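Here is how the chains run, residue by residue.
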Amino acid sequence: MRCNFISPSFYSLHYRSHSSKEILTTFNLLWHPKFPLRETYIETSGVPPAALFFIVASASAGGTPEVSITLKQGNFDNVQSALAPQISFEGDVQGVEYGVLMDATKLGVPKVWGQVNSDVSGWNLKTRAEYTEGEYDYSTEGGKGVYLTVKGNNEEENTFIWGSGAISKNNVSPLKAGAKKVFETDSGKFLIAPRYAFEDDTATVVFGYEKNDTSVFLSASQDAQDVKITHKIDDGNTASIKGGAQGFLSATLENESGLGTTKVTLTSESADIELGKDGWVAGLTARSLDSEPVVRFSKKIAFSANI
């Protein structure tokens, strides 16, 4: 659900605990298009001041801040962990895309990213840097560092490359690198994609073939080999099966219709069914016929304002 503040509005979000029957969190935002920014009124309970500063700062930058919560099942210690509220903001300055993502329940520096697209000798390059604290293991105090990714695409040559690395105060470490080449022939499309993971020194090669509504992918590394076959049955149904050196791994049947998306997945250890419609996702997983199934659901709700 997305709301634009185009008229005098007052929005309030309440969460009530089922155990205490008390309202734990209230988030109110009053905005009027004729009011200057200083008249914006925010009242909160359980939201750090840094999150509020972020909303006002992004608004003054002329952008569109977005507040989102995620509804999901489970047992949680507090309302913050139950709703997982986040505040995000994106923009563009002279060809440089940037954005900020902040957990509204935590203190500290939010996730900040910047991205640049460029064309070099027929290659479209996308370079993205993301600064975080405490989210990845950068071997520094507080887990502070930059996650860097570079992607290249040459459409005329049907060739793609990518790489990633971690940069911190202590060191610079490559993480992953790979390439993909597609060959188009009258017999179908052939693909080869080597990749390498520096963290565990694992090299993998993927071979692929696609024709009409069927595709086959073979993945091989020193420790594992598997093959996946996917076939589009009709406009609304797709089936796939995956096997390895040890035999059957998984099978999936997916249906798309006006009622939403239904996906059934079978493995050697479990059966899973997932339903999706208008942002709602519900699923059920059973390990065996005599085990209790695990039910899950989630729904992300976002509110944005053109300030």
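Before any of the text, the structure's been laid out above.
In this text the structure is predicted, and so the values were computed from the model without any measurement.

Colleague: So what exactly am I meant to see when it comes to the environment of Leu-249 here?
Modeller: Positionally, Leu-249 belongs in strand β17 (residues 247–257). Separated by 21 residues in the primary sequence, Leu-249 and Lys-228 have C-alpha atoms spaced 9.5 Å apart.

Colleague: Looking at this structure, how should I read the environment of Gly-114?
Modeller: Along the chain, Gly-114 turns up in strand β7 (residues 111–120). Its relative accessible area of 23% is what places Gly-114 among the partly exposed residues. Once residues lying within four places of it in the same chain are set aside, the contact partners of Gly-114 are Glu-97, Tyr-98, Thr-127, Arg-128 and Ala-129.

Colleague: Looking at this structure, I do not really get the packing of aromatic side chains. What am I missing?
Modeller: Each aromatic ring pair is specified by the distance between its two centres and by the angle formed by the two planes. All chains considered together, the criterion is met by four aromatic pairs. The interplanar angle of 55 degrees and the centroid separation of 6.0 Å between the aromatic rings of Phe-89 and Tyr-98 together place this pair among those described as tilted. A residue is classified by how much of its surface remains accessible, and Phe-89, at 6% relative accessible area, is buried. Positioned above the aromatic ring of Phe-160, the side-chain terminus of Lys-180 is 4.7 Å from the ring centre. Over the face of the ring belonging to Phe-183 we find Lys-181, whose NZ or CZ atom lies 5.6 Å from the ring centre.

Colleague: What's the story with the pattern of salt bridges in this structure? I'm lost.
Modeller: This structure, assessed with the given rule, holds five salt bridges. Between Lys-181 and Glu-157 there is a salt bridge whose closest N-O contact spans 4.0 Å. With Lys-181 in strand β11 (residues 172–185) and Glu-157 in the loop between β9 (144–154) and β10 (159–167), this residue pair connects regions lying 24 residues apart in the sequence. Classification of Lys-181 by relative accessible area gives partly exposed; the value is 23%. Given the relative accessible area of 44%, Glu-157 is considered partly exposed.

Colleague: Please clarify how the pairing of strand β16 (residues 237–244) should be interpreted in this entry.
Modeller: Regular strands have side chains that alternate between both faces of the sheet. Bridge analysis of strand β15 (residues 225–232) against β16 gives seven bridges, and the strand direction is antiparallel. Within β16, the position partnered with Lys-232 by the bridge is Thr-238. Hairpin geometry of β15 and β16 is characterised by an intervening segment of four residues between the two adjacent antiparallel strands. Of the pairings in the sheet, the one linking β16 to β17 comprises eight bridges and is antiparallel in character. Paired with Gly-244 across the bridge in β17 is Gly-247.

Colleague: Quick question: what am I supposed to make of the environment of Leu-71 here?
Modeller: Relative to the helices and strands, Leu-71 resides in strand β4 (residues 66–72). Here Leu-71 falls in the partly exposed class, since its relative accessible area comes to 26%. Measuring from C-alpha to C-alpha, the distance between Leu-71 and Lys-299 comes to 5.0 Å, with 228 residues separating the pair along the chain.

About the thresholds
For every chain, the first residue of the written sequence is number 1, and numbering continues from 1 along that sequence. Residue-level local features of this predicted model are given only where pLDDT is at least 70; pairs of side-chain atoms are given and counted only at 80 or more, and the full residue set underlies all totals for whole chains, interfaces and linings. To get the side-chain values, all heavy atoms of the structure are used, and hydrogens and water are removed first. By definition, any uninterrupted DSSP run of H or I lasting at least four residues is a helix, any uninterrupted run of E lasting at least two residues is a strand, and each is numbered from the N terminus. Any residue under 20% of the maximum accessible area for its type is buried, any over 50% is exposed, and the rest in between are partly exposed; the area is computed with a 1.4 Å probe on protein chains only. Contact criterion: two residues are considered in contact whenever any of their non-hydrogen atoms come within 4.5 Å of each other. The aromatic pairing rule takes the rings of Phe, Tyr and Trp, using the six-membered ring of Trp, and pairs them if the centres are within 6.5 Å, calling planes under 30 degrees apart stacked, those over 60 edge-to-face and the rest tilted. Distance and angle both matter: a charge sits over a ring if NZ of Lys or CZ of Arg is within 6 Å of the ring centre and within 35 degrees of the ring normal. Salt bridge, as used here: a side-chain nitrogen of Lys or Arg that lies within 4 Å of a carboxyl oxygen of Asp or Glu. Between any two strands, at least two bridges found by DSSP are needed for them to pair.

By themselves, these figures tell us nothing about what the structure is for.
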